[in-house]
Amino acid sequence: MLNTPPLDLAPITRHLRAMFGSRLLVAAVHHLHVFDQLSDEPLPLAEISHRLGLGERPAMVLLPGLCAMELLDYDEAGRLAITELGRYLTQSQTPNLTGYTGLEKDDAGVIEMAARLRNDGPLDTAEGISFVKEGEGPSPMDDPELARKFTLGLAGRARHLSPIVAASMTKREGHLLDVAGGTGFYTYEWLLANPNSTATLFDRPAVLNVAAEILAEFSRSGRPGASGLSERVSFLPGDMLTDELPQTDILLAASLFHDWPTPTCQLLAHRFASALRAGGELWVHDAFLNDTLDGPLPVTDYSAQLFWGTKGRCYSRAEYRGWLADAGLKPTSENIPTQMDYGLIWAKK
Ligand SMILES: C[S@@+](CC[C@H](N)C(=O)[O-])C[C@H]1O[C@@H](n2cnc3c(N)ncnc32)[C@H](O)[C@@H]1O
């Protein structure tokens, strides 16, 4: 690990994402009527999702979120039940807080959250979805200005987390493929920690233009090894969903799967497994739900944020390990925390 770990910035991202958790709460009480639906009897997750008219993704964002808020819980039979606290959000309880929470029910963010939950995403996607390039439709990641805005929007987080990630990953000689690598910070830090290795940064062309500027700045930082980095990194523009990926020893998927729905994650796991050489390692850096799908709150709030803005959500380690095993990899049992409610898991080929 690093000698002096940097300050964990999680309090900032937790407060930021709490906005999306609040929208989930008020939408659940006043627009979807989750607590009234459950007030008579506990229901299996599939049944309550069906009664609420929610698809798999919105259900897996909303219901774990309400569990993390301690308003719902799983009973011994695995059904979702209202907790003692959650009873105070039903009309049948006296007193209850629905009059008070209802003061926020017409908030624009709450109304839009309810609409997105019912629709499994925004109604109008003419401009494309942030961080996502899929098929022939428009993508902000292919528009020079938007690609720059979104990529630089993640730069501070990546700059802060990447030394911690590089210190936590295995040290080895070989090649790193940083898929959907964005700014490239994870690659640059990993190369500094592995001086005899090389790397490919794979992303959309407009994103790689920004990454190249960041590499130029990084190379001038004066840190040991930084000035020679550009000879060890290749930039490869492409579409990770369709283009052939180069063979590699280590593949890093940082904040990647969480932008995509489950079937796409399964496809990506297969594609990434095929790109690994024998003995290769697939590393996932992300924020993980509990395997019991009931928290933690910072991650269910993050899942609500991702649901709002992308095609994805947060997933549990068990969900990831299932996809990686189905793709022929051997998931390890290591759970390595990094910071900002993120962590690493990895699998071997
Ligand atoms: C949330 S960002 C993560 C960036 C970086 N890994 C990080 O952690 O900072 C997702 C990245 O996926 C890229 N991306 C989205 N769809 C893609 C596609 N079909 N092929 C390649 N990259 C894609 C985006 O351009 C964006 O840089």
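Residues numbered from 1 in each chain as written. Predicted model: local features only at pLDDT ≥ 70, side-chain atom pairs only at ≥ 80, totals over all residues.

What follows deals with the overall build of the chain. Within the chain, the regular secondary structure consists of 13 helices and 12 strands. A globule of 349 residues ought to have a C-alpha radius of gyration of about 20 Å, and the chain, at 21 Å, matches this closely. Considered along the principal axes of its C-alpha atoms, the chain spans approximately 70 × 40 × 40 Å. Within the span of the chain, comprising 349 residues, buried residues form 43% of the whole. Sequence separation of 24 or more characterises 68% of the internal contacts of the chain that already satisfy a separation of 6 or more. (Helix = DSSP H or I, 4+ residues; strand = E, 2+ residues; numbered from the N terminus. Rg over C-alpha atoms; globule rule 2.2 N^0.38 Å. Buried ≥ 20, exposed ≤ 12 C-beta atoms within 10 Å, placed from the backbone. Contact = placed C-beta atoms within 7 Å.)

What follows covers the site of the ligand. Close to the ligand lie 21 residues, the nearest being Met141, Ala180, Gly182, Ala254 and Ser255. Taken together, the residues of the shell around the ligand break down into 11 nonpolar, 5 polar and 5 charged. (Near = placed C-beta within 6 Å. Nonpolar A, V, L, I, M, F, W, Y, C, P; charged D, E, K, R; others polar.)

Another aspect to go through is the UniProt feature "domain: O-methyltransferase C-terminal" (unreviewed entry) in the chain. Look at the UniProt record and you will see "domain: O-methyltransferase C-terminal" (unreviewed entry) annotated at residues 142–329. Counting secondary structure, residues 142–329 comes out at 45% helix and 20% strand; the distance between its end C-alpha atoms is 32 Å. (UniProt positions renumbered as here; feature names shortened; annotations may be inferred.)

By size, the foremost hydrophobic cluster in this structure holds 101 residues, and its most contacted members are Ala28, Leu66, Leu251, Ala253, Phe272 and Leu282. Here this core gathers at least three residues from each of two domains, domain 1 (10–119) and domain 2 (140–348). Non-local contacts of Phe272, meaning those with residues more than four positions away in its chain, are made with Val179, Leu251, Ala253 and Leu282. (Core = buried A, V, L, I, M, F, W, Y, C linked by C-beta atoms within 7 Å. Domains from an automatic or database assignment.)

The subject of this paragraph is the packing of helix α4 (residues 56–68) against helix α12 (residues 297–309). For any two helices packed against each other, the geometry comes down to the angle between their axes and how far apart the axes lie. Contact geometry for α4 and α12: axes closest at 9 Å, N-to-C directions at 150°. As far as their axial angle goes, α12 and α4 are roughly antiparallel. The way α4 lies across α12 gives a crossing that is left-handed. Every residue of α12 that contacts α4 at Arg57, Pro58, Val61, Pro64, Gly65 and Ala68 is listed here: Leu297, Thr300, Ser303, Ala304 and Phe307. Counted by class, the contact of α4 with α12 contains 7 nonpolar, 3 polar and 1 charged residues. (Axes fitted to C-alpha atoms, helices over the stretch in contact; angles between N-to-C directions. Parallel < 35°, antiparallel > 145°, perpendicular 65-115°, else oblique. Left-handed = near helix turned anticlockwise from the far one by under 90°.)

Once that is clear, we can look at the packing of helix α1 (residues 10–30) against α4. Where α1 contacts α4, the two axes come as close as 10 Å, and the packing angle between them is 95°. With respect to α4, the axis of α1 lies roughly perpendicular. Note on element contacts: α4 touches α1 through Leu62, Gly65 and Leu66, opposite Gly21, Leu24 and Ala28. The residue makeup of the contact of α1 with α4, split by class, is 4 nonpolar, 2 polar and no charged.

It is worth spelling out the environment of Gly280 at this point. With respect to the element layout, Gly280 can be found in strand β7 (residues 276–286). When the C-alpha positions of Gly280 and Leu176 are compared, they lie 9.9 Å apart, and in sequence the two are 104 residues distant. If we skip the residues at most four places from it in the chain, Gly280 touches Thr248, Asp249, Ile250 and Lys349.

It is worth spelling out the pairing of strand β4 (residues 198–203) at this point. In this structure, strand β3 (residues 175–179) lies alongside β4, joined through 5 bridges in parallel fashion. Bridge pairing links Val179 to Phe202 in β4. Where the polypeptide runs from β3 across helix α9 (residues 185–193) and back to β4, its parallel neighbour, the crossover connection is right-handed. Bridge count for β4 against strand β5 (residues 233–237) is 5 bridges, and the pairing is parallel. Bridge pairing in β5 links Phe202 to Leu236. With helix α10 (residues 205–219) bridging β4 and the parallel β5, this β-α-β connection has right-handed handedness. (Pairing = 2+ DSSP bridges. Right-handed = clockwise from strand over helix to strand, strands pointing away.)

Let us now look at the domain arrangement of the chain. For the chain, the domain assignment lists domain 1 (10–119) and domain 2 (140–348). Relative to domain 2, the C-alpha centre of domain 1 lies at a distance of 32 Å. The interface is formed by 21 residues belonging to domain 1 together with 21 residues belonging to domain 2. A breakdown of the residues in the side of domain 1 that touches domain 2 according to their chemical character gives 12 nonpolar, 3 polar and 6 charged.

Buried residues dominate β3, accounting for 4 of its 5 residues. As judged from the 4 bridges shared by β3 and strand β6 (residues 248–254), these two strands associate in the parallel manner. Bridge pairing in β6 links Leu176 to Ile250.

A separate point is the environment of Arg172. On the secondary structure map, Arg172 appears in the loop between α8 (155–168) and β3. A tally of 14 C-beta atoms within 10 Å means that Arg172 is categorised as partly exposed. Here the alpha-carbon distance between Arg172 and Pro195, two residues 23 residues apart in the chain, equals 9.2 Å. Sequence-distant contacts of Arg172, that is, excluding residues within four places in its chain, are made with Asn194 and Asp249.

Okay, the confidence of the model for the chain next. Per-chain confidence: the chain averages 96 in pLDDT, with 99% of residues scoring 70 or above. Across the assembled chains, the prediction reports ipTM 0.99 with pTM 0.97. (pLDDT = per-residue confidence, 0-100.)

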